[in-house]
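# Inside the fold
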Amino acid sequence: MDNKMPNMDYDADEVINEFKEKIKWPKSEEVTAVVKPSKVPLRILISLLITAVVGGAAYYMMLPAFNIHDTQMYIYLILLVAVFIASFAFVCKANKKIERKEYVKKKSLVPLIIIGVLVAVMAIGYVTGITLFRANSYSELMQVTDGNFETDFDDISYDKVPRVDASRAHTLADQQLGSLSEYKSQYVVSANSTQINYKNTPVRVAYLEYADVFKWINNTKNGLPAYMFIDLVSQKVTAVNCVEQFGEGIKYSPTELFNEKIYRHLRFQYPTALLDVPNFEIDDNMHPYWITAVLDKKIGLFGGTDVKGVIITDALNGDSNYYDIEQVRTDADLSWIDVVYSESLLIEQYNYHGKLQNGFWNSIIFQNDVNVASSGSGNIAMDDDVWVYTGVTSSESDASNFGFILCNQRTKETRYYENAGAMEEAAQKSARDAVQNYGYYATFPILLGIDGTPTYFMSLYGDSNTVKGYAFVSLEDKTVVGTGLLDVAKSDAKALNSALENYIDALQEKGVADDVDKDNIIVDENELGSSDNNTTDTPDTNTPNTDVSTVTGEVTDIKSSVNDGNTVYYLQIEGKYYYIKVTDAMEVLLISNGDTITVEFEDSDDTFIPATSVKVG
């Protein structure tokens with residue numbers, strides 16, 4: 001028996017290293033052969049199919065315009081090339097065979113050059129459109145003419161201007177929707193509303209949105225059944241039922257998720273158009289439409305945004321028509337359109353005009369005649385159009401304005417008024433200080449002419465976001481203030497007139513308007529808040545008394561709404577609703593379902609019956 005032990009004289013680390021050397025993945029510089037994969041055409045076809053699938057999904061989400069002025073198009077094309085390179089490497093198994101990796105790298109040279117060219121085009125297009133080189137072109141995007149304050153504002157009466165802004169209008173619409181049981185659990189009021197002129201009355205229209213994705217699943221087949229119509233003068237809110245009036249709901253809107261999403265619907269119809277955000281509007285028959293500005297880039301590839309046309313889309317069936325901007329400005333049949341140019345675009349163009357009219361370096365160093373729009377803006381109705389109002393101040397943000405501008409949102413006509421005075425924020429603060437014991441806030445002011453005196457008009461509101469009164473502040477002297485409160489005057493009309501009377505008295509005390517005849521300015525209270533249309537289906541709480549009857553019964557349902565700035569309660573007894581304002585019967589605040597009440601009312605066969613008094617028990 002051989003008892004000799006085997007030779008154990010070896011280095012284990014050396015053996016392991018030799019093994020690793022045999023199986024290791026070689027470095028790129030160590031590979032001398034570039035192996036072409038088999039069936040290259042098939043692999044290219046598969047890569048193209050993968051790219052098409054990913055590209056289709058990306059296009060559906062990104063929705064770029066196939067337009068050289070759209071930066072999204074360049075990003076989309078770069079994405080497609082990158083996806084093709086990655087998918088070709090994957091189907092060639094370049095991650096597993098280094099000799100194929102080298103082949104893919106060599107074949108990717110052309111796609112990488114394409115990406116480089118796209119990036120270079122974007123860079124050159126951007127540089128050729130910057131204000132440093134094109135200051136004069138930017139300053140000429142908007143033409144500004146001088147306006148005459150007394151002439152232009154002569155027909156704008158304080159009783160016909162909006163008394164609530166967008167935020168307060170949304171609150172009123174939300175309260176009204178909450179009182180309508182058929183809508184409130186399925187829909188919410190969109191925060192995006194459009195101020196328009198409807199038959200010479202300033203109103204806001206807001207579309208509804210599905211409350212959540214499950215409500216969308218449940219209702220998208222029939223679309224949105226209604227939209228909200230807010231009269232900014234009377235503060236009446238109406239849910240306009242499209243199904244009842246037009247036979248179908250709103251099928252195309254931003255709240256949809258797939259092909260009926262309005263922006264996606266427009267992109268498929270106009271694949272090359274640069275689209276602005278669609279505005280929700282109605283025509284004179286209250287038919288809902290989407291008004292979408294088609295944009296153009298006039299400076300370089302991506303600079304100098306302007307509007308070249310408008311797409312009008314039927315919100316019910318999705319039919320669209322394109323109109324050139326000049327036709328929109330001049331065609332009487334299209335005069336119902338109010339918002340083509342967005343506030344942000346108009347103010348941006350004015351700032352270019354104000355800052356760059358004397359050159360780029362002047363706007364930075366010398367700043368001669370440099371001015372910009374102030375920090376806020378509002379809307380007024382004039383010449384049956386909606387105009388954007390904003391003050392004009394220096395680029396160094398002085399404490400006062402030295403003028404203001406009006407910009408027409410349909411035609412882009414812009415007028416400058418050289419009326420110096422307090423900035424809008426200062427006027428708001430003066431109004432708040434005048435009612436500081438109430439803790440009210442002030443809306444962004446609207447500029448009016450009171451007996452030829454430039455005057456800021458504001459609504460006052462509290463924590464409930466509802467109107468509590470009104471204020472007038474002199475543009476030239478912010479210490480001249482007149483206020484009127486609903487709690488004191490007991491009615492919206494009296495509060496408005498009280499504010500104006502107090503303001504005129506303050507003007508006279510300052511010696512600004514000694515010979516003002518109040519009777520020629522103050523509007524009769526019976527006319528205040530009236531509209532020239534009969535669009536709301538809100539019950540009229542001022543119906544004169546006829547025969548008075550009584551009913552006693554159990555309350556089976558309670559609803560509420562806001563009409564003319566007043567909260568109205570609707571109490572259901574024996575299948576009929578009896579309504580009354582809170583200010584006429586404070587007891588309604590204490591009534592709950594199941595309570596027994598006695599209601600005095602005027603004889604009527606309507607479902608909604610005006611009550612004259614309500615008693616509990």
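The numbers attached to residues start from 1 for each chain and follow its sequence in the written order. The predicted origin of the model limits local features to residues at a pLDDT of at least 70 and limits the giving and counting of side-chain atom pairs to 80 or more, whereas totals for whole chains, interfaces and linings rest on all residues. Excluding hydrogens and water, the side-chain figures rest on all heavy atoms present in the structure.

## A few points about the pairing of strand β3 (residues 201-210)
Regular strands have side chains that alternate between both faces of the sheet. The line we're drawing: Here's how the labels work: a residue is buried when its accessible area is under 20% of the maximum for its type, exposed when over 50%, partly exposed in between, all with a 1.4 Å probe on protein chains only. Secondary structure is summarised from DSSP: a helix means a run of H or I of at least four residues, a strand means a run of E of at least two, and numbering begins at the N terminus for each. Here, any two strands with at least 2 DSSP bridges between them count as paired.
In terms of residue burial, β3 counts as a mostly covered element, since nine of its ten residues are buried. Counting the residues in the hairpin turn of strand β2 (residues 187-198) and β3 gives two residues, including lysine 199, whose phi is positive at 50°. Taken together, the five bridges between β3 and strand β4 (residues 226-231) define a ladder with antiparallel strand orientation. Paired with valine 205 across the strands is phenylalanine 229, a residue of β4.

## Thoughts on the sheet that holds β2
Inclusion rule: Note on geometry: axes are C-alpha line fits, over the in-contact stretch for helices, and angles between N-to-C directions span 0 to 180 degrees.
The sheet built from four strands is open, its strands ordered β2-β3-β4-β5 with antiparallel pairing. Each edge of the open sheet carries a strand with a single partner, namely β2 and β5 (237-241). Neighbouring strand axes in the sheet, compared pairwise and without regard to direction, differ in orientation by 25° on average.

## Points about the pattern of salt bridges
Note the threshold: A side-chain nitrogen of Lys or Arg and a carboxyl oxygen of Asp or Glu constitute a salt bridge if their distance falls within 4 Å.
Throughout the structure, instances matching the rule amount to 14 salt bridges. Measuring nitrogen to oxygen at the nearest pair gives 2.6 Å for the salt bridge that ties arginine 329 to glutamate 326. With arginine 329 and glutamate 326 both in helix α13 (residues 325-330) and three residues apart, the pair spans about one turn of that helix. Under the relative-accessibility criterion, arginine 329 is labelled partly exposed at 25%. Taken together, the salt bridges that share partners define one network made up of Asp152, Asp383, Glu413 and Arg415.

## Considerations on the environment of valine 189
Within the element layout of this structure, valine 189 appears in strand β2. Along the primary structure valine 189 and alanine 206 are separated by 17 residues, whereas in three dimensions their C-alpha atoms are 6.8 Å apart.

## Some words on the packing of aromatic side chains
Our working definition: Side-chain rings of Phe, Tyr and Trp, where Trp is taken by its six-membered ring, are said to pair if the distance between their centres is within 6.5 Å; with planes under 30 degrees apart they count as stacked, over 60 as edge-to-face, and otherwise as tilted.
What the rule picks out here adds up to 32 aromatic pairs. Between phenylalanine 153 and tyrosine 417 the ring centres are 5.6 Å apart and the planes differ by 85°, which places this aromatic pair in the edge-to-face class. Of this pair, phenylalanine 153 sits in the loop between α7 (149-152) and α8 (166-178) while tyrosine 417 sits in strand β16 (residues 414-417); the two residues are 264 residues apart in sequence, bridging distant segments of the chain. Accessibility expressed as a relative area gives 0% for tyrosine 417, which makes it buried. Measuring from ring centre to ring centre gives 4.8 Å for phenylalanine 404 and tyrosine 417, while their planes differ by 10°; the resulting arrangement is stacked. Residue phenylalanine 404 is found in strand β15 (residues 403-408), and its partner tyrosine 417 is found in strand β16; the two are separated by 13 residues along the sequence.

## Observations regarding unusual backbone geometry
Even without glycine at this site, aspartate 369 takes up a positive phi of about 60°. Inspection of the secondary structure assignment puts aspartate 369 in the loop between α15 (360-366) and β11 (371-373). A positive phi is found at aspartate 383, a non-glycine position, where the angle reads about 55°. Structurally, aspartate 383 can be placed in the loop between β12 (378-382) and β13 (385-394). With a relative accessible area of 53%, aspartate 383 lands in the exposed category.

## Points about the nonpolar core
Note the threshold: Residue types Ala, Val, Leu, Ile, Met, Phe, Trp, Tyr and Cys, when buried and joined through side-chain atoms within 4.5 Å, form a set referred to as a nonpolar core.
In this structure, Phe153, Tyr227, Met228, Phe229, Leu406 and Phe472 are the most contacted members of the largest nonpolar core, which totals 89 residues. Broken down by element, this core gets its largest block of residues, eight residues, from helix α18 (residues 492-509). Grouped together as the second largest cluster of nonpolar side chains are 25 residues, Tyr289, Leu295, Trp336 and Val388 included.

## A word on the layout of surface pockets
Short version of the rule: Cavity and pocket criteria rest on a 1 Å grid covering protein atoms alone: a 1.4 Å probe that fits but cannot get out defines a cavity, protein on both sides within 12 Å along at least 5 of 7 lines defines an open pocket, and an atom within 4 Å of a point defines a lining residue. Grid points are joined across faces, edges and corners, and a volume is the space filled by probe spheres set on the points.
Of the voids in this model, the second largest pocket is the one considered here, and its volume is about 620 Å³. In this structure, the second largest pocket is lined by 31 residues; those nearest its centre are Ser193, Val277, Asn279, Val339 and Ser342. In terms of residue count, β2 provides more of the lining of the second largest pocket than any other element does, five residues in total.

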